[in-house]
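Listed below, chain by chain, are the residues.
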Amino acid sequence: MAIDIKKLLQSVVAHGASDLHLVSRSEPQIRIDGTLKAVNLPVLTGEDIEEMTYALLTEKQKKVFEEELELDFALLLPNVGRFRANYYRTMGDIAAAFRIIPTAIPSLDDLDAPAIYKQLVKREKGLVLVTGPTGSGKSTTLAAMLNEINLTEHKHIITVEDPVEFIHQNKKCVFSHRETGSDTRGFATALKYAMRQDPDIIFIGEMRDKETIEAALTAAETGHLVFGTLHTNSAPGTINRIIDVFSGDEQGQIRAMISTSLVAVIAQVLLPKAKGGRVAAPEIMVTNHAIANLIREDKVHQLYSQMQLGQGDTGMQTQTQVLEKLVRNGIVTKEIAMQYANKPDELKLKINFR
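Residues numbered from 1 in each chain as written. Predicted model: local features only at pLDDT ≥ 70, side-chain atom pairs only at ≥ 80, totals over all residues. Heavy atoms only, no water.

## Examining the sheet that holds strand β6 (residues 93-101)
Adjacent strands of a sheet pair through backbone hydrogen bonds, lying either parallel or antiparallel.
In step 1: Spatially, six strands are ordered β3-β2-β1-β6-β5-β4 in an open sheet, and the strand pairing comes out antiparallel. At either margin of the open sheet sits one strand with a lone partner, and together these are β3 (35-38) and β4 (71-77). Shown here is a sheet whose adjacent strand axes are inclined to one another by a mean of 25°, direction ignored.
In step 2: Of the pairings in the sheet, the one linking strand β5 (residues 81-90) to β6 comprises nine bridges and is antiparallel in character. Bridging from a neighbouring strand, Arg89 pairs with Ile94 of β6.
In step 3: Docked against the sheet, helix α1 (residues 5-14) engages β1 (19-22), β2 (29-32), β4, β5 and β6, running at close to 140° with respect to β1. (Pairing = 2+ DSSP bridges. Helix = DSSP H or I, 4+ residues; strand = E, 2+ residues; numbered from the N terminus. Axes fitted to C-alpha atoms, helices over the stretch in contact; angles between N-to-C directions. Contact = heavy atoms within 4.5 Å.)

Structure (structure tokens):
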């Protein structure tokens, strides 16, 4: 007999988990503080999961899933919470992953975010990227940044997402939330027409392809503040990823566009705390004259050194500096810091790891 999926999701929220995984031949699994744990329930069959998951779908969604074998959608369960769901197939059976989206949008102060974030959201134009692996808190950081604007500025904010995650209530700002597949054909199409919708700020849920990246850069160049995400692990790596999307004869122009439009890159990871919970470790690169020149001149490999040198009042910090501070303050263990470090040899010297 299949489990009541709504009651299961309610239990997941009550346990403070971030994700629920339903895969055949396994008990339901939840992720708490970054670690998967089995729920004390029977092992699921493919039939169990199909019965559970189809109960949440509309007829249109069922048709899309059966044709595409993949489905992303947002789910709101009253008095329980909001979820980002992904259905897929494994060994012929349906499987599902649910990500819990907090209904209360945190403030930058709630996240104990670096002070530079409040300066970045006051920019009139340019591109701000928040990057990191799946589950690194990118969406939460960006939601808090947009919330700060909502509390302090009178702006029109267009979000383009797949699916829409955090839903902002209009305070001082007006939000136009657009979901690909239901409100627009796709990211690139939405960005093309966004220019006619009088936006001040555009949030792109994921910069997946060349067309979306190019449209984002153009929007940033033409007087809009653009926020976006990428699955990259470091600030310099983010620049390389964007450039590499384009062909060789286009890369010079793209480097020029990035050098003039990029405001900042925040590359973050979420680490398990020594005493439970998780903490963000953001590497922050803020574009200044030196950074812009290095990007334009195809010297991305020198960006890290400039981030170390050019800190002062810029708010820049390397991941190594953040991890060292977290270890010194006893927030994370040396072992965890080393496990997540982009430059473990550099961190090892800083914290005298033995």
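Now, onward.
## Describing the pattern of salt bridges
In step 1: Across all of its chains, the model carries 13 salt bridges by this definition.
In step 2: A salt bridge links Arg255 to Asp298; its shortest N-O distance comes to 3.7 Å. On the criterion of sequence distance, the pair formed by Arg255 in helix α9 (residues 248-261) and Asp298 in the loop between α10 (289-296) and α11 (303-309) is long-range, its members being 43 residues apart.
In step 3: Asp298 sits in the partly exposed class, given a relative accessible area of 44%.
In step 4: Three or more residues joined by partner-sharing salt bridges are found here, namely Asp162, Glu206 and Arg208. (Salt bridge = Lys/Arg side-chain N within 4 Å of Asp/Glu carboxyl O. Buried < 20%, exposed > 50% of the residue type's maximum accessible area, 1.4 Å probe, protein only.)

## Topic: the side chain of Glu283
In step 1: By the element assignment, Glu283 lies in strand β13 (residues 278-286).
In step 2: No salt bridge is formed by the buried Glu283. Its closest oppositely charged neighbour is Lys343, at 7.6 Å.
In step 3: Polar contacts involving the side chain of Glu283 include one to the main-chain amide nitrogen of Gln319, which spans 3.0 Å.
In step 4: Non-local contacts of Glu283, meaning those with residues more than four positions away in its chain, are made with Ser234, Ala235, Pro236, Val265, Ile266, Ala267, Tyr304, Met307, Gln317, Thr318 and Gln319. (Lys, Arg positive; Asp, Glu negative; His and termini not counted. Polar contact = N/O pair within 3.5 Å; in protein donor to acceptor, adjacent residues only side chain to side chain.)

## Here's the deal with the sheet that holds strand β7 (residues 126-131)
In step 1: Sheet architecture is open: seven strands sit in the order β9-β8-β10-β11-β7-β12-β13, paired in mixed fashion. Bordering the open sheet on either side are β9 (174-179) and β13, each of which pairs with just one other strand. For this sheet, the mean angle separating the axes of adjacent strands, direction not counted, is 15°.
In step 2: Where β7 meets strand β11 (residues 225-230), six bridges bridge the pair, whose relative direction is parallel.

## Describing the packing of aromatic side chains
In step 1: Summed over the entire model, instances satisfying the criterion amount to three aromatic pairs.
In step 2: Here the aromatic rings of Tyr87 and Phe98 are separated by 6.1 Å at their centres, their planes lie at 75°, and the arrangement is edge-to-face. Taken together, the positions of Tyr87 in strand β5 and Phe98 in strand β6 put the pair eleven residues apart, joining distant regions of the chain.
In step 3: With relative accessibility at 0%, the residue Phe98 sits in the buried group.
In step 4: A network of ring pairs unites the aromatic residues Phe65, Phe73, Tyr87 and Phe98 as a single cluster. (Phe/Tyr/Trp six-rings, centres within 6.5 Å; stacked < 30°, edge-to-face > 60°.)

## A look at helix α12 (residues 319-328)
In step 1: Most of α12 is tucked away: seven of the ten residues are buried.
In step 2: Among all positions in α12, only Gln319, Thr320, Val322, Leu323, Glu324, Leu326 and Val327 are buried.
In step 3: Where α12 is buried, its residues meet β12 (262-272), β13, α11, α13 (334-340) and α14 (344-351).
In step 4: Once α12 finishes, Gly330 follows within two positions and takes phi at roughly 75°, a positive value.

## Description of the packing of α12 against α14
How two helices sit against one another is set out by the angle between their axes and by the gap between those axes.
In step 1: Axis separation between α12 and α14 bottoms out at 10 Å; the angle between their running directions is 40°. Comparing their axes, α14 and α12 come out oblique. By crossing handedness, the relation of α12 to α14 is classed as right-handed. In this structure, α12 uses Thr320, Leu323, Glu324, Val327 and Arg328 to contact α14, whose residues at the interface are Glu346, Leu347, Lys350 and Ile351.
In step 2: Residues belonging to the contact of α12 with α14 are distributed by class as follows: four nonpolar, one polar and four charged. (Parallel < 35°, antiparallel > 145°, perpendicular 65-115°, else oblique. Left-handed = near helix turned anticlockwise from the far one by under 90°. Nonpolar A, V, L, I, M, F, W, Y, C, P; charged D, E, K, R; others polar.)

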